[in-house]
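Descriptive structure summary
Letter by letter, the chains look like this.
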Amino acid sequence: MKLQLTKKQKQFIEAREDEVLYGGAAGGGKSYGQVVDSFLYALRYAGSRQLVLRRTFPELKRSLILTSLIVFDKDVAKYNSSDHIWILQNGSVVEFGYCERDADVQKYQSAEYDVIRFDELTHFTEFQYTYLISRVRGVNDFPKQIKSSTNPGSEGHAWVKSRFIENKEPNKVYKDDYDRTTVFIPAKVQENTFLMEADPLYVQRLEQLPENERRALLDGDWDVFEGQVFKEFRKHKHIVEPFQIPSTWRRFCSIDWGYNDPCCVLWYTVGPDRRIYVYRETYLNQRRASEVAQDNIRLSEGEKIDYCVSSPDMWQR
């Protein structure tokens, strides 16, 4: 059996962290990588059980199942089309499933898996993910993992970004308080040499998309989402490494008033080139204006704040 893999697909397959996210731009070969990885794992660990998930069955059928029918070697594996399960001669099982609603997680309540794979993770809710990873368990000594692949966007964008992307470097392994490890492996369409050779115009078609979709699917940009006010925001342009603010730089702050909705306070400083830096922010719930003022005074202690402005509705109170 001959399998052609990109460097990033190989990196994903070889990743041994507890939670692995592979993704970014469209065309990076994520779904193919998942299917190949599931087959190789099943061959390596006789009697293992894996669950491969998409949000809906139609998505599952036209992507992962279709790919598996091409990848899996029929000499060592047999596909049960009614149950959507591959059974290997060594006793390993690769099950394809879907989880359209939160309540659908109950279908897997008593199941045990060595690996669960989420394809297009941002299509799932955080509840579905955290519940289903509790099904990764067993008394054998096989590696227990959750391996996911996705593009930015969709309803799960925020929680996936928070769990794997925000304040974390790509390809760097992180460990939580329970010694569980996570890693994010970014993928770009240009790295998929097989697709580039077979369809050199694919990138041009992605470039025709509206700005948000283009940034998400072509650039793999996680700093874009529907309803974003500043669509021109770019992390590499608009975020800087922390530095000591010179005492001669002017400082001021602003307040966007809110009581039940959070009250937002931002502190700014102005450099000699008139570039403005936001260096502090706070969000307060159900606080009177006088209490917000006291907090500002406390947080600004030792700093010379030239002035503070706020939205008109604060002064009405």
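Heads up: the structure comes first, above all this text.
Quick caveat, the model's predicted, so the values are computed rather than measured. (Residues numbered from 1 in each chain as written. Predicted model: local features only at pLDDT ≥ 70, side-chain atom pairs only at ≥ 80, totals over all residues. Heavy atoms only, no water.)

1. Details of the overall build of the protein
In terms of regular secondary structure, the protein is built from 11 helices and 13 strands. Of all 317 residues assigned to the protein, the portion counted as buried reaches 47%. Expressed as a percentage of contacts within the protein between residues at least 6 apart in sequence, the contacts between residues at least 24 apart total 63%. Carbon and sulfur atoms provide 51% of the accessible area of the protein, an area that totals close to 17,900 Å². (Helix = DSSP H or I, 4+ residues; strand = E, 2+ residues; numbered from the N terminus. Buried < 20%, exposed > 50% of the residue type's maximum accessible area, 1.4 Å probe, protein only. Contact = heavy atoms within 4.5 Å. Areas by Shrake-Rupley, 256 points an atom, 1.4 Å probe, with all protein chains shown as cover.)

2. Topic: the packing of aromatic side chains
Throughout the structure, instances matching the rule amount to 16 aromatic pairs. Ring geometry for Phe39 versus Phe72: centroids 4.7 Å apart, planes at 45 degrees, classification tilted. Of this pair, Phe39 sits in helix 2 (residues 30–44) while Phe72 is found in the loop between helix 3 (57–71) and strand 3 (77–80), placing the two residues 33 residues apart along the sequence. For the pair formed by Phe39 and Phe72, the shared burial category is buried. Centre to centre, the rings of Tyr129 and Trp159 are 5.2 Å apart; their planes meet at 45 degrees, and the pair counts as tilted. Placement of the pair is Tyr129 in helix 4 (residues 126–132) and Trp159 in helix 5 (residues 157–165), with a sequence separation of 30 residues. (Phe/Tyr/Trp six-rings, centres within 6.5 Å; stacked < 30°, edge-to-face > 60°.)

3. Points about the environment of Gln9
Note that Gln9 resides in helix 1 (residues 7–14). Of note is the side chain of Gln9, whose polar atom sits 2.9 Å from the backbone nitrogen of Thr6. (Polar contact = N/O pair within 3.5 Å; in protein donor to acceptor, adjacent residues only side chain to side chain.)

4. Points about the pattern of salt bridges
Close approach of charged atoms allows side chains with opposite charge to pair. All chains considered together, the criterion is met by 20 salt bridges. The shortest N-O distance in the salt bridge between Arg54 and Glu59 comes to 4.0 Å. For the pair shown, Arg54 and Glu59 are each scored as buried. Ionic pairing is found between Asp306 and Lys304, a salt bridge with its closest N-O pair at 2.8 Å. Using a relative accessible area of 32% as the deciding quantity, one classes Asp306 as partly exposed. (Salt bridge = Lys/Arg side-chain N within 4 Å of Asp/Glu carboxyl O.)

5. Here's the deal with unusual backbone geometry
The residue Glu120 is not glycine, and still its phi comes out positive at about 60 degrees. As for its position among the elements, Glu120 is in the loop between strand 6 (115–119) and helix 4. In this structure, Asp179 is a non-glycine residue whose phi angle is positive, near 65 degrees. With respect to the helices and strands, the residue Asp179 is situated in the loop between strand 8 (174–175) and strand 9 (181–187). Residue classification places Asp179 among the exposed residues on the basis of a relative accessible area of 53%.

6. Things to note about the pairing of strand 6
A large share of strand 6 lies buried, amounting to 5 of its 5 residues. Neither face of strand 6 is exposed, since Val115, Arg117 and Asp119 on one face and Ile116 and Phe118 on the opposite face are all buried. With 4 bridges joining them, strand 2 (residues 49–54) and strand 6 adopt parallel strand pairing. Bridged to Leu51 within strand 6 is Ile116. Sheet topology note: the strand 6/strand 7 (residues 145–150) ladder contains 5 bridges and is parallel. Pairing of Arg117 across the sheet is with Lys147, part of strand 7. Once you follow strand 6 into helix 4 and on to strand 7, the crossover reads as right-handed. (Pairing = 2+ DSSP bridges. Right-handed = clockwise from strand over helix to strand, strands pointing away.)

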